[in-house]
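Descriptive structure summary
Chain residues, written in single-letter form:
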Amino acid sequence: MQRFSKKRQAILDCLRSTDSHPTAEWIYRTLKPSYPDLSLATVYRNLGEFEEAGQIISVGVVDGQKRYHGNILPHAHATCSLCGTIYDLHSLPDTARMIEAVTKETGIKVTETSLSFRGICADCRDHESGKETDL
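1. Observations concerning the pattern of salt bridges
- Applying the stated rule across the entire model yields three salt bridges.
- With its nearest N and O atoms 2.7 Å apart, the salt bridge here joins Arg8 to Glu49. With a gap of 41 residues between them, Arg8 in helix H1 (residues 6-16) and Glu49 in helix H3 (residues 40-52) connect regions that are remote in the sequence.
- A relative accessible area of 6% places Arg8 in the buried class.
- On the basis of relative accessible area, Glu49 is assigned to the partly exposed category, the value being 33%.
- We note a salt bridge from Glu51 to Lys66, for which the minimum N-O separation is 3.0 Å.

2. As for the sheet that holds strand S4 (residues 86-89)
- Ordered by their spatial adjacency, three strands build an open sheet running S4-S3-S5, and the pairing between neighbours is mixed. Only two strands of the sheet have a single neighbouring strand rather than two, namely S4 and strand S5 (116-119). Adjacent strand axes in the sheet meet at a mean angle of 20° when their direction is disregarded.
- By the bridge criterion, four bridges tie strand S3 (residues 76-80) to S4 in an arrangement that is antiparallel. Paired with Ala78 across the two strands is Tyr87, which belongs to S4.

3. A look at the environment of Leu38
- Relative to the assigned elements, Leu38 resides in the loop between helix H2 (24-31) and H3.
- Along the sequence, Leu38 and His127 sit 89 residues apart, while their C-alpha atoms lie 38 Å from each other.
- In this structure, Leu38 is in contact with Lys7, Ile11, Tyr28, Leu31, Lys32 and Val43, ignoring residues within four places of it in sequence.

4. Quick notes on the side chain of Thr18
- Following the sequence through the fold, Thr18 ends up in the loop between H1 and H2.
- A polar atom in the side chain of Thr18 sits 2.8 Å from the side chain of Ser20.
- Discounting residues that sit within four places of it in the chain, Thr18 has contacts with Trp26 and His69.

5. What about the environment of Lys7?
- The topology assignment puts Lys7 in helix H1.
- Judged by relative accessible area, Lys7 falls into the partly exposed class, the value being 24%.
- Sequence separation of Lys7 and Leu31 is 24 residues, and the distance between their C-alpha atoms is 8.7 Å.

Thresholds applied
Residues numbered from 1 in each chain as written. Predicted model: local features only at pLDDT ≥ 70, side-chain atom pairs only at ≥ 80, totals over all residues. Heavy atoms only, no water. Salt bridge = Lys/Arg side-chain N within 4 Å of Asp/Glu carboxyl O. Helix = DSSP H or I, 4+ residues; strand = E, 2+ residues; numbered from the N terminus. Buried < 20%, exposed > 50% of the residue type's maximum accessible area, 1.4 Å probe, protein only. Pairing = 2+ DSSP bridges. Axes fitted to C-alpha atoms, helices over the stretch in contact; angles between N-to-C directions. Contact = heavy atoms within 4.5 Å. Polar contact = N/O pair within 3.5 Å; in protein donor to acceptor, adjacent residues only side chain to side chain.

None of this, on its own, says anything about what the molecule does.
Next up, the structure:
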C-alpha cells in the first residue's frame, strides 16, 4: 500500500467528504488555505493517480471541467445541462438485473458501471419558467 503524504491524503479526504462532484479547481481552492504550498498541478496529478487506482471515479465533464466523486460504489448520475449540478442516483430499480443481463448477453463480467442521465433540474426549470412570466 502506498504511503500518502499529508497533501495527498487531504486531497482524497476532501473529495470523499463531499457529494458535490467537485472539479480539481474546487478541491485546490478548498485546500489552499490549509496547504499554502499546494499547487493545482499536484491536485490534478493525484486525482489522476487516484482514478487510475480505482479509489475515485470521474463522473464526466461539465462546462469543460472534469468532475470527480469519492464514492466508488456502483450508482448512476443525473446532470443538469443548465447549472451543471450532478445528482447521485442510488435507488434505480433493477441495477443488479441490468448487470446480469449484460453478462448474459456479452459474457463480460462487469467490474464497473457508468450510467448517467442529462436533463434540466427542477430549480433551473422553475427559474426558466419564472423568466417567461416576467416578460
